[in-house]
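Residues per chain are reported as follows:
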Amino acid sequence: MKKVSVVVLAAVVAALSLATGAATAPSQSTSLTIYSGREERLVKPIMDRFTRDTGIELKVRYASSTTLATALVEEGRNSPADIYWSQEPGTLGLVGARGLLARLSQATIGKVPARFSTRSRRWVGTSGRSRVLVYNTNELQQGELPASVWGLTSPRWKGKIGIAPTNASFQAFLGATIHLYGEARVRAWLRGLEENDVRLYPNNTTVVQAVGRGDVEVGLVNHYYLYNLLAETPDLPVRNHWFRDGDPGNLVLAAGVGIVSSTQKATAAQRFVDFLLSKWAQRFIARGPGAAEYPLIDGVPRRPGLRPLSTIKGPKYILGRLSADLTPAVRMLLEEGYLK
Amino acid sequence: MTAAGAATAVSSHGRRAPRLLVTLAGLVALGAILPVAYLALRALSADAAARALAPASTTVELALDTAVLAFGVVVATLVVGVPLAWLVVRTDLPGRRLWGIAASLPLVIPSFVAALALLGAFAPRGLVQEALEPLGVERLPEVTGYWGALVALTLSTYPYVYLLAAAGLRSADASAEEAARSLGAGRFRVLTRVTLPAIRPSLAAASLLVALYVLSDFGVVSLMGYSTLTTGIYVRYESLLALESAALLALALLALALAIVLVASRFRLRGPVYRSTPGAGRAGKVTNLGWWRWPALVFCATLIGLFLVLPVGVLAWWSFSADPITGRAGVDWSAAVGSASMATATALVAAIVVLPAAVLAWRYPSALSRWLERLTLLPSALPGIAVALALVFVGARIGAPVYQSLGLLLVAYVIRFMPYGLASTRASLDAVSPRLEEAARSLGRRPVGAMTAVVLPLARSGVLAGAALVFLSTIKELPATLLLKPIGFETLATEIWKGTSIGAYSEVAPSALLLIVIAAPLVYLLSWRNAWELGATE
């Protein structure tokens, strides 16, 4: 048994030294901890550039926006995070509504159009994304597509629609639509989709893939998933379609950032937020490898081939309302059996 | 009854459980209870709005759907795993050592990767349909929902049954079979009346692990579009940060898990199954398959083809293309080192910390020892995010340098996966007669000496199998890793996640393949060493 005890002892020592090694890592005099719901592959160059420009070290924890939000809630005032960068305005709103995000300065908020921030100044948008209908170009011509998202309940689309009800952007779209048109109309629409044998998918990527394979002909997603998949499969027979001006199906959403209210490093955190709204960072967000979102400050060009943001006319809706409007949306999805 | 009171309680063998053993087992159970206590705390603060998001009708419906899936997967894994173990351990199947290794490997394929691969292969117009296109196959039926989840989960979990059944068959007593044969029982009768009952503890333990795994799984069921309590928990966390509503569903999940644990212990406790011979035991007789080797080979080839070759093939197919975004192909070697070292540390720590509870339950059975064991099993039924948030809740309050250190991550891993070590160790202890320990004691061995010199060597195959299961589970863990790892520390699972989160499967494949490569030597060592030590090779 001697051999075994030696092995065990060595392992315990190794484990302890691993643990203490991490604990005693030298702490930077100026460093920020970022909780990033934005993928490392898409934003790491921005992080590196910030450190190079400012000398402020960044410690970035990457996970999904919602997972990080639940962690922020459980950490409360003990959070090690200084910055929360999220894909979802709804999640930002929910975290902000719990008092976990500090107020941003008016100057910061003023850098982006008013519809991409909130009046409470808890977060500010870092990029724009639009809800769209993706369609299979082998099966459909542009002219056959519905003019409004309401039109998807027509028998014409029976068995041909894909949605992702667990997706936060879909829920945001539904919440905004409930706010604008009332519960009854949206519930009727959901029931109409159900009668049309709408197919449910786990996320936006799988919806676009299903449209590409022809499992369904159209799907409700955000505009940039198409470009992620086109990078991998250039001949994917899928394109984006926008509904008529003002249609709720064209809702424009934002990814955004906020400063965690328990931070001791408010000045450095403010610098990071301002950096994300700088020309260089906005250009990278809009045109970096794999990127296809809309920049939010003036004078930064969007990705070539993308429809101009100013020509996308969504419904008149204030994204700051989402923290309140998501609950009725999710409850309706539960009641109608789209979620369980 | 308090712990101190129980320590002086007299066991059914007429001996008091040593106070130290009870204390140690109690401490470990306390760690296991942490997530349960956290969830109870959250559920208690649920107001009417939180309860409205988790109504009883939905909870019951989800619990039933979860139970039906768990039952289906348990049956499927037994149907697949037991014959496979018997063929590999007890017959002259050609190439059985290789089959044995191949049979264990799917355990390291993260279940959501398995689901992605199955979906990629069997989608109506996926890779398999493409391959069959020349034969005029234009569309395949879809593999989603219940049956899709069943296949993908069977793929990920049947190695539990295979490994524990094989360990049980190796350490099972040959003399009982020989006695049965000499009394005129036919081969089939020996198999069903002697051999299988002898490994019943192993099968009960493995089925329990499979069921708890199904309860905790999110990756497969979400991709296959099948709703369970775990997807319900995720919906509530992710859509509304409704921590209290999620906790209510999580408590329902724990209740279901407890019911399954109780059912499993009934199966295990039906009479003693000790080996009659002391010492290292002889291997069971190797059955000459004769003509039957051909159907047996087809059986093995079909299973390995579906559960290993197919997913690995899809991964290899994906890995052909370089990542279009970063333009790089290949793997992060530091992530591989991170995965392997943390999984090794977790396996060793888990193997050690479950010993008090296992020995207590085996040697001094009492209500207390049974409940300590059951409590220690429960966290493995919880989705990883719930365990992770429990440690976020506690860890953030302790703060640096504990929070988000490798030490805390190790604790999270041990809490999540020690049930695999416990169940496996218990199953092999069940086959050791307590009389052997009594004999060692009466010959002057001290309690610890009797355990280490006599009992544990006999339970070795189960302890090793348990450590391997913990290793193979830890190496693919994701939710706790993302929230609790030190920043900058990467594992292969986090690398895989980075790719799948934006649908870049070409980035996923190399890391997933590397997971399998890392695990292969361990699996080989495990099956080979066991076989060699018990003299079960050629």
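Rules used in this analysis
Numbering of residues starts from 1 in every chain and runs along the sequence as written. Just so you know, chain letters begin at A and ligand numbers begin at 1, following the order they were written in. Since the coordinates come from a predicted model, pLDDT governs what is reported: local features require at least 70, and pairs of side-chain atoms require 80 or more to be given and counted, while whole-chain, interface and lining totals use all residues. Each side-chain value is derived from all of the structure's non-hydrogen atoms; neither hydrogens nor water enter the calculation. In this text, helices come from DSSP runs of H or I with a minimum length of four residues, and strands from runs of E with a minimum of two, each type numbered from the N-terminal end. We compute the radius of gyration from the C-alpha atoms alone; for a globule the expected value is 2.2 Å times N to the 0.38, where N is the number of residues. Buried residues are those whose accessible area, probed at 1.4 Å on protein chains only, stays under 20% of the maximum for their type, while exposed residues exceed 50% and partly exposed ones sit between those limits. Residue contacts are defined here by distance: any two heavy atoms, one from each residue, within 4.5 Å place the two residues in contact. Where accessible areas are quoted, they stem from the Shrake-Rupley method and a 1.4 Å probe; at the residue level, only the protein chains shown are allowed to cover. Positive charge is attributed to Lys and Arg, negative charge to Asp and Glu, and no charge count is given to His or to the chain ends. One atom stands in for each charge, and that atom is NZ of Lys, CZ of Arg, CG of Asp or CD of Glu. Whenever Lys or Arg places a side-chain nitrogen within 4 Å of a carboxyl oxygen from Asp or Glu, that contact is recorded as a salt bridge. In this text, buried Ala, Val, Leu, Ile, Met, Phe, Trp, Tyr and Cys residues form a nonpolar core when linked through side-chain atoms within 4.5 Å. Here the limits of each domain have been adopted from an automatic or database domain assignment. We define buried area as the total accessible area lost by two parts upon association, computed with a 1.4 Å probe and summed across both. Polar contact criterion, stated in full: a pair of N or O atoms within 3.5 Å, where within protein one must be able to donate a hydrogen and the other to accept it, and residues adjacent in sequence count only if both atoms are side-chain atoms. Working definition for bend: take the seven residues up to and ending at a residue and the seven starting at it, fit an axis to each, and measure the angle between the axes. Strands are labelled as partners when DSSP assigns at least two bridges between them. In summary, the pairing rule links any two rings of Phe, Tyr or Trp, Trp by its six-membered ring, whose centres are within 6.5 Å, and it sorts them by plane angle into stacked for under 30 degrees, edge-to-face for over 60 and tilted for everything else. In predicted models, pLDDT denotes the confidence assigned by the predictor to each residue on a 0 to 100 scale. Seen with the strands pointing away from the viewer, any crossover whose path from the first strand over the helix to the second strand runs clockwise is right-handed.

Things to note about the overall build of chain A
Alright, step 1. Counting its regular elements, chain A contains 12 helices and 9 strands.
Alright, step 2. Its C-alpha atoms give chain A a radius of gyration of 22 Å, near enough to 20 Å, the size a compact globule of 340 residues would have.
Alright, step 3. Taking the principal axes of its C-alpha atoms as reference, chain A extends roughly 70 × 60 × 40 Å.
Alright, step 4. Here chain A, with 340 residues, has 59% of them falling under the buried criterion.
Alright, step 5. By sequence separation, contacts in chain A at least 24 residues apart represent 74% of the contacts at least 6 residues apart.
Alright, step 6. For chain A, the accessible area works out to roughly 13,300 Å², and carbon and sulfur atoms hold 52% of it.
Alright, step 7. One finds the centroid of the 42 positive side-chain charges in chain A at a distance of 6 Å from the centroid of its 27 negative side-chain charges.

Details of the pattern of salt bridges
Alright, step 1. Counting across every chain of the model gives 24 salt bridges over all chains.
Alright, step 2. Among the ionic pairs, Glu144(A) bridges to Arg156(A), the shortest N-O distance being 3.6 Å. Within this pair, whereas Glu144(A) is found in the loop between strand S4 (124-136) and strand S5 (161-163), its partner Arg156(A) is found in the loop between S4 and S5, the two being separated by 12 residues in sequence.
Alright, step 3. According to the relative accessible area criterion, Glu144(A) is partly exposed, its value standing at 37%.
Alright, step 4. Here Arg156(A) falls in the partly exposed class, since its relative accessible area comes to 34%.
Alright, step 5. The shortest N-O distance in the salt bridge between Arg363(B) and Glu438(B) comes to 3.0 Å. Here Glu438(B) lies in helix H20 (residues 434-442) and Arg363(B) lies in helix H16 (residues 333-363), a separation of 75 residues in the sequence.

Details of the nonpolar core
Alright, step 1. Residues Tyr84(A), Leu152(A), Trp189(A), Tyr237(B) and Leu484(B) are the most contacted members of the largest nonpolar core, which totals 294 residues.
Alright, step 2. With 15 residues, helix H19 (residues 406-429) of chain B is the single largest residue contributor to this core.
Alright, step 3. Here this core spans two domains, and each of domain 1 (29-128 + 252-306) and domain 2 (129-251 + 324-335) of chain A adds at least three residues to it.
Alright, step 4. The residues touching Trp189(A), leaving out its near neighbours within four places in the chain, are Val149(A), Trp150(A), Leu152(A), Thr153(A), Phe173(A), Leu174(A) and Leu220(A).

Some words on the domain arrangement of chain A
Residue and element names in this part refer to chain A.
Alright, step 1. Annotation of chain A at the domain level lists domain 1 (29-128 + 252-306) and domain 2 (129-251 + 324-335).
Alright, step 2. Each of domain 1 and domain 2 was reduced to a C-alpha centroid, and the two centroids are 27 Å apart.
Alright, step 3. Taken together, the contact between domain 1 and domain 2 spans 18 residues of the former and 15 residues of the latter.
Alright, step 4. Considering only the surface of domain 1 that becomes buried against domain 2, Glu88, Val252 and Leu253 emerge as the three largest contributors, covering 40% of it.
Alright, step 5. Linking domain 1 with domain 2 are 1 salt bridge, by the criterion used here.
Alright, step 6. Among the ionic pairs, Glu293 bridges to Arg129, the shortest N-O distance being 2.7 Å.
Alright, step 7. Applying the counting rule to domain 1 against domain 2 returns 6 residue pairs in polar contact (both at pLDDT 80 or more).

Things to note about the interface of chain A and chain B
How big an interface is tends to be stated in terms of accessible area lost as the parts join.
Alright, step 1. Residue-level contacts link 56 residues of chain A with 61 residues of chain B.
Alright, step 2. Between chain A and chain B lies a buried interface of about 5,200 Å² when both sides are counted; carbon and sulfur atoms form 63% of it.
Alright, step 3. By the criterion of area lost to chain B, the three top residues of chain A are Arg41(A), Glu74(A) and Lys340(A), representing 19% of everything that side buries.
Alright, step 4. Note that Arg42(B) and Glu74(A) form a salt bridge whose closest N and O atoms lie 2.8 Å from each other.
Alright, step 5. Along the contact surface separating chain A from chain B lie 14 residue pairs in polar contact (both at pLDDT 80 or more).
Alright, step 6. Examining the composition of the side of chain A that touches chain B, we find that 9 residues originate from one element, helix H3 (residues 65-75) of chain A, more than from any other.

Brief notes about helix H2 (residues 19-44) of chain B
Alright, step 1. Where H2(B) bends most, the angle comes to about 40°, and this point is Ile33(B), followed within four residues by the proline Pro35(B).
Alright, step 2. All buried positions along H2(B) are accounted for by Leu21(B), Val22(B), Ala25(B), Val28(B), Ala29(B), Ala32(B), Pro35(B), Tyr38(B), Leu39(B), Arg42(B) and Ala43(B).

Here we look at unusual backbone geometry
Residues and elements named next belong to chain B.
Alright, step 1. Of note, the bond from Ala400 into Pro401 is cis; its omega dihedral lies within 30 degrees of zero at 0°.
Alright, step 2. Positive phi, normally seen in glycine, also occurs at Leu241, with a value near 50°.
Alright, step 3. Within the element layout of this structure, Leu241 appears in the loop between helix H13 (229-240) and helix H14 (243-268).
Alright, step 4. Using a relative accessible area of 0% as the deciding quantity, one classes Leu241 as buried.
Alright, step 5. Within the chain, Gln404 stands out as a residue other than glycine whose phi angle is a positive 55°.
Alright, step 6. Within the fold, Gln404 resides in the loop between helix H18 (384-398) and H19.

Here we look at the side chain of Thr425(B)
Alright, step 1. Considering the arrangement of structural elements, one finds Thr425(B) in helix H19.
Alright, step 2. The contact partners of Thr425(B), leaving out residues within four places of it in the chain, are Val354(B), Leu355(B), Ala358(B), Gly462(B) and Val463(B).

Quick word on the pairing of S4(A)
Every other side chain in a regular strand lies on the same face of the sheet, so the side chains alternate between the two faces.
Residue and element names in this part refer to chain A.
Alright, step 1. Taking burial as the measure, the 13 residues of S4 include 13 buried ones, the bulk of the element.
Alright, step 2. One ladder, built from 6 bridges, connects S4 with strand S9 (residues 252-259); its direction is antiparallel. Bridge pairing in S9 links Gly128 to Ala254.
Alright, step 3. In terms of strand pairing, S4 meets strand S7 (residues 218-222) through 5 bridges, oriented antiparallel. Bridge pairing in S7 places Tyr135 opposite Val218.
Alright, step 4. Of the pairings in the sheet, the one linking S4 to strand S8 (residues 238-241) comprises 4 bridges and is antiparallel in character. Looking across to S8, one finds that Asn136 is bridged to Val238.

Considering the packing of aromatic side chains
Residues and elements named next belong to chain A.
Alright, step 1. In the structure shown here, the tally under the stated rule is 19 aromatic pairs over all chains.
Alright, step 2. Between Phe50 and Phe272, the aromatic rings sit 5.2 Å apart at their centres with planes inclined by 90°, giving edge-to-face as the arrangement. Here Phe272 lies in helix H10 (residues 266-276) and Phe50 lies in helix H2 (residues 40-54), a separation of 222 residues in the sequence.
Alright, step 3. Taking the relative accessible area as the measure of exposure, Phe272 reaches 0% and is therefore buried.
Alright, step 4. Ring centres 5.7 Å apart and planes at 15° place the aromatic pair Trp280 and Phe284 in the stacked group. Separated by 4 residues within a single helix, Trp280 and Phe284 lie in helix H11 (residues 279-287), roughly one turn from each other.
Alright, step 5. Taking relative accessible area as the criterion, Phe284 reaches 17% and is therefore assigned buried.
Alright, step 6. Taken together, the ring pairs connect Phe50, Trp85, Phe272, Phe275, Trp280 and Phe284 into an aromatic cluster.

Section: the confidence of the model for chain B
Residue and element names in this part refer to chain B.
Alright, step 1. Across chain B, the average pLDDT comes to 82, with 87% of residues at 70 or higher.
Alright, step 2. Taken together, the stretch residues 1-13 has pLDDT below 50 and engages in 22 contacts with residues farther than four places along the chain or on a different chain.
Alright, step 3. Low pLDDT, under 50, characterises residues 531-538; the stretch is placed with 17 contacts to residues that sit more than four places away or in other chains.

Describing the pairing of strand S1 (residues 31-36) of chain A
Residues and elements named next belong to chain A.
Alright, step 1. The element S1 is extensively covered by neighbouring structure, given that 6 of its 6 residues are classed as buried.
Alright, step 2. By the alternation rule, side chains of S1 split into Ser31, Thr33 and Tyr35 and Leu32, Ile34 and Ser36, which are all buried.
Alright, step 3. Alignment of S1 against strand S2 (residues 57-62), held across 6 bridges, turns out to be parallel. Along S2, the bridge assignment pairs Leu32 with Leu58.
Alright, step 4. For the crossover that starts at S1, traverses H2 and ends in the parallel S2, the hand is right-handed.

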